[in-house]
Amino acid sequence: MKENLTSPFFTAVVNVLEQIGVSDINHENVLEKNELVIKEDLTAFIGIVGDIKGNVSYCCSLETAKNLASIMMMGMEIEEIDDMCRSALSELLNMIAGNTTMLFSEQKVNLDITSPSVVVGEEMFFILSFYKTISLTLNTAIGVIGANISLEI
Amino acid sequence: MYKKLMDVFVNSTESILKEMADIDIIKKSAPFTIEEDFNSFGVSSTITFAGNNSTKGRFIIDISESLALEIVKNILSQNVDNIKERLALSCISEMNNTIAGDANTYINNNFNLGLRLAPPIVFAGKNIKVANAKLESVNVVCETSFGNMNVNIGFTGGEVI
Amino acid sequence: MKKILIVDDSLMIHTMLKKTLENQGYKVCGEAKNGKEGIELFESCGPDIIFMDITMPVMDGIEATKIIREKNKEVKIIMLTAMGDDEICCKSIGAGVDLFLKKPFNAQKILNAILEIDKVG
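> Provide a residue-level description of the overall build of chain B, including the pertinent values.
Counting its regular elements, chain B contains three helices and nine strands. Counted from the first residue to the last, chain B has its helices and strands arranged as α-β-β-β-β-β-α-α-β-β-β-β. Since a compact globule built from 161 residues should have a radius of gyration of about 15 Å, the 15 Å found for chain B is in line with a globular shape. C-alpha atoms of chain B, sized along the principal axes, occupy 45 × 30 × 30 Å.

As structure tokens, then:
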């Protein structure tokens, strides 16, 4: 997958995390996988349609999710993944989606972002794609966040 | 707003469930709106879409584990005892893709929504909740002899039809 | 004491705004989750200031703002925007918005917005 198509998704998540105040963000090398099964308990995903088609997901543990929601809620303590927490994470995902749209429009690539979804559960087995996927692991002060992109071109 | 669209999705679900997995829907609830986050029966496939006039949304088929295993068993013509497995979930994903494609052909021919579908996502687990900010979501519960299924659509933006 | 109406489909935004505003002594007189409810609550609670989100199901913030402005020129409207809303922002100005508040915001930005709004005509 061409880097100009995948890098806006990675740039957007880093931009937004920095904007909300997450520190010590660094990433491991980008990996290419043949298909992707995610076993983290929280996955947020967005679909892509247009000149390219596919799905992008961001995943993390429930602990990291609570930390993210807490930062979104101005430091409020988040004890469980309740309505409030899911609402905060949806807002975060919307911000990432908005940032991504902006980066792509600067590149003049014709695509549309579909409805963002946040999925939380236990003992999750989540298949983002049966095709090639590019994965980035972000290490941050509040936990590890995975970013995965699967595009059909 | 959604009655016409919901009818299309439910009809497609019913016919493709029969065609692909030879399972009949024996009872359907009336469509009802869900205001809070969506609670999954355990196995779910979602297809999101974007269309004209900033329309965005997603279509979910959400299945109890017993029904999901029966669907996979019929599609593959072999016994399956674990739904959390790549081949099994690929059947559910494929069925969702077929339903959404069928429904969307009708929708694009009859309503001017210009919906473009992203590929399906599929997942299984316990106590799953799906949060979609900014969506109004409508649900129909379908009963079969092997378990229940939710057909759920959510839209934001666009024209009221 | 100023009365405030919050119109947003996000539970999180309601919680943040309400907490910050009530801590400062403002009264949140209504909470709506879409533009249509926002108009209904505007009529029943008569706020001085409205925090209005843009993208909401049933009726969006721009439509709701237009309708409220037809009824009332004095109420102050603060529109909540996210990245990628720039094009929509221009339409909002036409609709009668007084101030934009960009997400993510914190307590300080919320209070600054209220102070700014008091200065606006």
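> Report on the pairing of strand β1 (residues 3-7) of chain C, specifying residues and quantitative values.
Residue and element names in this part refer to chain C. Counted residue by residue, β1 has four buried out of five residues, so it is predominantly covered. Bridge count for β1 against strand β2 (residues 27-32) is five bridges, and the pairing is parallel. Residue pairing across strands places Ile6 opposite Glu31, the latter belonging to β2. Between the parallel elements β1 and β2, the chain passes through helix α1 (residues 11-23) in a crossover that is right-handed. Examined bridge by bridge, β1 and strand β3 (residues 49-53) share four bridges and lie parallel to one another. Bridge pairing in β3 links Ile4 to Ile49.

> Tell me about the pairing of strand β8 (residues 133-140) of chain A, and name the residues and values.
Residues and elements named next belong to chain A. Counting buried positions along β8 yields six of eight residues, so the element is predominantly enclosed. Here strand β1 (residues 26-27) runs beside β8; their pairing, made up of two bridges, is antiparallel. Following the sheet pairing, Asn26 is matched in β8 by Asn139. Here three bridges tie strand β2 (residues 31-33) to β8, and the two strands are oriented antiparallel to one another. Bridge pairing in β8 places Lys33 opposite Thr133.

> Kindly report on helix α3 (residues 61-71) of chain C, identifying the contributing residues and their values.
Among all positions of α3(C), only C:Gly61, C:Ile62, C:Ala64, C:Thr65 and C:Ile68 are buried. Viewed end-on, α3(C) has its buried residues packed into an arc of 160 degrees, placing them on one side of the element.

> Break down the interface of chain A and chain C for me, with residues and values.
Every contact between the two is made by 17 residues of chain A and, on the other side, 13 residues of chain C. Among the secondary structure elements, those contributing two or more residues to the side of chain A that touches chain C are α1 (3-20) and α3 (83-107) of chain A. When residues of the side of chain A that touches chain C are assigned to their parent elements, the largest contribution, 12 residues, is made by α3(A). Taken together, the residues that form the side of chain A that touches chain C break down as eight nonpolar, seven polar and two charged.

> If you had to explain the sheet that holds strand β4 (residues 76-81) of chain C to someone new, which residues and values would you point to?
Residues and elements named next belong to chain C. A sheet is described by the order of its strands in space; here five strands give the open sequence β2-β1-β3-β4-β5, paired in parallel fashion. Edge positions in the sheet fall to β2 and β5 (99-102), since each has one partner strand and no second. With direction set aside, neighbouring strand axes in the sheet form an average angle of 20 degrees. With four bridges connecting them, β4 and β5 associate as parallel partners. Bridge pairing in β5 links Thr81 to Lys102. Across the sheet, helix α5 (residues 107-119) is in contact with β3, β4 and β5; its angle to β5 comes to roughly 175 degrees.

> Now, about the packing of helix α2 (residues 65-76) of chain B against helix α3 (residues 86-110) of chain B: what can you tell me, with residues and values included?
All names here are of chain B. Following both chains from N to C, one finds α2 and α3 inclined at 90 degrees, their axes separated by 9 Å at the closest point. On the basis of their axis angle, the class for α2 and α3 is roughly perpendicular. Along the contact surface, α2 presents Ala68, Ile71, Val72, Ile75 and Leu76, while α3 presents Ala88, Cys91, Ile92 and Met95. Residue composition of the contact of α2 with α3, grouped by class: nine nonpolar, no polar and no charged.

> Mind laying out the environment of A:Leu42, listing which residues take part and the relevant values?
Residues and elements named next belong to chain A. Mapped onto the elements of the fold, Leu42 is located in strand β4 (residues 42-50). Along the chain, Leu42 and Glu122 lie 80 residues apart, while their C-alpha atoms are 8.6 Å from each other. Filtering out sequence-adjacent residues up to four positions away, Leu42 remains in contact with Cys59, Cys60, Leu62, Ala65 and Val120.

> Summarise the packing of α3(A) against α1(C); cite the residues concerned and give the values.
Across the interface, α3(A) lies against α1(C) with an axial gap of 7 Å and an inter-helix angle of 100 degrees. Viewed along their axes, α3(A) and α1(C) adopt a mutual orientation that is roughly perpendicular. On α1(C), the residues that touch A:Asp83, A:Met84, A:Ser87, A:Ala88 and A:Glu91 of α3(A) are C:Leu11, C:Met12, C:Ile13 and C:Thr15. Tallied by class, the residues present in the contact of α3(A) with α1(C) amount to five nonpolar, two polar and two charged.

> How would you explain the confidence of the model for chain C if you had to name every residue and give the values?
Residues and elements named next belong to chain C. Averaged over chain C, the pLDDT score is 88; the fraction of residues at 70 or greater is 89%. Ranking the helices and strands of chain C by mean pLDDT puts β1 first, with 97, and helix α4 (residues 86-95) last, with 65. Model confidence for the complex: the whole-complex pTM is 0.87, and ipTM, which rates the interface, is 0.91.

> Residues and numbers for the environment of A:Lys66, please.
All names here are of chain A. Tracing the sequence through the fold places Lys66 in helix α2 (residues 62-72). Residue Lys66 is classed as buried on the basis of its 22 C-beta neighbours within 10 Å. Distance from Lys66 to Glu79, taken between C-alpha atoms, is 7.3 Å for residues 13 residues apart in sequence.

> Summarise the interface of chain B and chain A; cite the residues concerned and give the values.
Each partner contributes to the interface: chain B provides 33 residues, whereas chain A provides 33 residues. Of all the secondary-structure elements, those providing two or more residues to the side of chain B that touches chain A are β4 (42-50), β5 (56-64), α3, β6 (116-117), β7 (121-131) and β9 (147-156) of chain B. A per-element tally of the side of chain B that touches chain A places β7(B) first, with 11 residues. Across the side of chain B that touches chain A, the residue classes tally to 15 nonpolar, nine polar and nine charged. As paired elements, strand β7 (residues 117-129) of chain A and β7(B) share seven bridges and run antiparallel to each other. Of the residues in β7(B), the one forming a bridge with A:Val119 is B:Val130.

Each value, and the rule that gives it
- Residues numbered from 1 in each chain as written.
- Chains lettered and ligands numbered in written order.
- Predicted model: local features only at pLDDT ≥ 70, side-chain atom pairs only at ≥ 80, totals over all residues.
- Helix = DSSP H or I, 4+ residues; strand = E, 2+ residues; numbered from the N terminus.
- Rg over C-alpha atoms; globule rule 2.2 N^0.38 Å.
- Buried ≥ 20, exposed ≤ 12 C-beta atoms within 10 Å, placed from the backbone.
- Pairing = 2+ DSSP bridges.
- Right-handed = clockwise from strand over helix to strand, strands pointing away.
- Arc of directions from axis to C-beta.
- Contact = placed C-beta atoms within 7 Å.
- Nonpolar A, V, L, I, M, F, W, Y, C, P; charged D, E, K, R; others polar.
- Axes fitted to C-alpha atoms, helices over the stretch in contact; angles between N-to-C directions.
- Parallel < 35°, antiparallel > 145°, perpendicular 65-115°, else oblique.
- pLDDT = per-residue confidence, 0-100.

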